[in-house]
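Chain by chain, the residues run as shown.
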Amino acid sequence: MEKQLFDVAIIGGGPAGLNAALVLGRARKKVAVIDEGHPRNAVTREVHGFLTRDGISPSEFRRIAKEEISAYPSVSFVGDTAVSIVGTDGQFQIETEQGQTFASKKVLFTVGMKDRPLDIPGLAEVYGKSAFVCPYCDGWELRDQPLVIITKGAELMHFAPIISGWTNRFTVCTNGPDDLTDADREELQRKHVLLFDSPIRHIDSSHGIVQQVVLEDGTIVPCRGIFFKPELVTGSDLPRTIGCQITEAGEIVVDDFGKTNIPGVYSAGDATSRMHQAIAAASRGAFVAAMINNELNTEAWRRNG
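Residues numbered from 1 in each chain as written. Predicted model: local features only at pLDDT ≥ 70, side-chain atom pairs only at ≥ 80, totals over all residues. Heavy atoms only, no water.

1. Here we look at helix α5 (residues 153-163)
Put simply, the rule is: Buried residues are those whose accessible area, probed at 1.4 Å on protein chains only, stays under 20% of the maximum for their type, while exposed residues exceed 50% and partly exposed ones sit between those limits. To qualify as a helix, a DSSP run of H or I must reach at least 4 residues; to qualify as a strand, a run of E must reach at least 2; elements of each kind are numbered from the N terminus. It only takes one pair of heavy atoms within 4.5 Å for two residues to be counted as in contact.
Among the residues of α5, G153, L156, M157, F159, A160 and I163 are the ones counted as buried. At its buried positions, α5 is contacted by α4 (135-138), β9 (147-150), β10 (170-173), α6 (182-190), β11 (195-196) and β15 (225-228).

2. A few points about the packing of helix α1 (residues 15-26) against helix α8 (residues 278-303)
Geometrically, a packed helix pair is captured by the angle between its two axes and the distance between the axes. Stated precisely, the cut-off is as follows: Working convention: axes come from line fits to C-alpha atoms, limited for helices to the stretch in contact. Angles between N-to-C directions cover 0 to 180 degrees. The handedness criterion is simple: a crossing whose near helix is rotated anticlockwise from the far helix by less than a right angle is left-handed, and one whose near helix is rotated clockwise is right-handed. Put simply, Ala, Val, Leu, Ile, Met, Phe, Trp, Tyr, Cys and Pro go in the nonpolar bin, Asp, Glu, Lys and Arg in the charged bin, and everything else, Gly too, in the polar bin.
Look at α1 against α8: their axes get within 7 Å of each other, and the N-to-C directions meet at 40 degrees. Here the hand of the crossing between α1 and α8 comes out right-handed. Only A278, A281, A282, G285, A286, A289, A290 and N293 of α8 make contact with α1, whose side of the interface consists of P15, A16, N19, A20, V23 and L24. Residue classes in the contact of α1 with α8 are distributed as 11 nonpolar, three polar and no charged.

3. Description of the pairing of strand β5 (residues 91-96)
Rules: Only strands that DSSP links by at least two bridges are regarded as paired with each other.
Residues F92, I94 and T96 point to one face of β5 and are all buried, whereas Q91, Q93 and E95, pointing to the other face, are not buried. Pairing of strand β4 (residues 82-88) with β5, which is carried by six bridges, proceeds in the antiparallel orientation. Directly across from G87, in β5, lies its bridge partner F92. With four bridges connecting them, β5 and strand β6 (residues 101-109) associate as antiparallel partners. Bridge assignment links Q93 to a residue of β6, and that residue is A103. Between β5 and β6, which pair antiparallel one after the other, the connecting turn spans four residues, and G99 there sits at a positive phi close to 90 degrees.

4. So, the sheet that holds strand β8 (residues 131-132)
An order of β8-β15-β9-β10-β11 is seen for the five strands of this open sheet, with the pairing classed as parallel. With one partner strand each, in any of the chains shown, β8 and β11 form the two edges of the open sheet. Pairing of β8 with β15, which is carried by two bridges, proceeds in the parallel orientation. From the neighbouring strand, F132 faces β15, where its bridge partner is F227. Taken strand by strand, α5 contacts β9, β10, β11 and β15, and its axis lies near 165 degrees from that of β10.

5. Regarding the pairing of β15
Both faces of the sheet carry side chains from a regular strand, because those side chains alternate between them. Burial along β15 is two-sided: the face carrying G225 and F227 and the face carrying I226 and F228 are both buried. Bridging between β9 and β15 involves four bridges; their strand directions are parallel. In the sheet register, I150 faces β15, and the bridge partner there is F228.

6. Some thoughts on the packing of α5 against α6
What counts is decided by this rule: What sets the label is the angle itself: under 35 degrees gives roughly parallel, over 145 gives roughly antiparallel, 65 to 115 gives roughly perpendicular, and the rest give oblique.
One way to put it is that α5 packs onto α6 with a least axis distance of 11 Å and a crossing angle of 20 degrees. As far as their axial angle goes, α6 and α5 are roughly parallel. Of the two possible hands of crossing, α5 and α6 adopt the one that is left-handed. Every residue of α6 that contacts α5 at L156, M157 and A160 is listed here: D184, E187 and L188. Looking at the contact of α5 with α6 residue by residue, the classes come out as four nonpolar, no polar and two charged.

7. Concerning the side chain of T96
Filter applied, for reference: For the purposes of these results, a polar contact is taken to be a pair of N or O atoms within 3.5 Å, where, inside protein, one atom must be able to donate a hydrogen and its partner to accept one; residues adjacent in sequence count only when each atom of the pair is a side-chain atom.
Residue placement: T96 occurs in strand β5. Its relative accessible area of 5% is what places T96 among the buried residues. A distance of 2.5 Å separates the side chain of T96 from the side chain of D80, its partner in a polar contact. Residues within four places of T96 in sequence aside, it is in contact with I34, D80, T81, A82, V83 and F102.

Here you go:
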């Protein structure tokens, strides 16, 4: 594709990026959605909690979204990876892995987050099938089932009360020191929650459905599902590379309008939030797209007299 001037370059094609493209396309803006095509939720079978799309597969969700967006010819989809961004507000230049170059007035990062897999043998075989990270996305399917929760410390004490809304049949495996206070342990005991801090040797499963978690000390914990706390990193290094402020948790810092600390650069979706749900990301993408459109229209209004 020859170099063109776009109003907005959207880096990332998940729910946030797609909804932003829809809003901007309807606002008659020239948009390039640059996406490598490897979404975080590709390991899952279904998207949940998204009104009118509950239970849809991630691939079908994207297919329908692109089909709807194609009604707005000012939006282009680029199957590539953005590797560098230079320039300033109004005149950014984006280069891709395949050597394409795009000029854009504004940049919207919807790069999401990526999991840094836990080093637990057998987890990859069940991830997205019977092991999940979000009960709001997948808790219904595991309701009232015996589960293993893999996390520890303050995160565990936050998560345990939440997961209890779906099942009270869960065991905690911290995969090492539990990082809990005495008061925390007493609370779990009062709630009859079993806690094991032996490292996990492996997870046994059949066709993606977990059967049991085996610990290094020989303990076997039968279960039919797992929730675990993954280590997350920003879906692209570009925001950090160009100077966007990033939190210790890896989230891109934005203001109430989705603006980063770099003029002309915005972000939306999972990369800016701890609420990692498709519908939440799509909603935020739509909102930030409107903010970008407002800024573009205001700039054009003032520039033209």
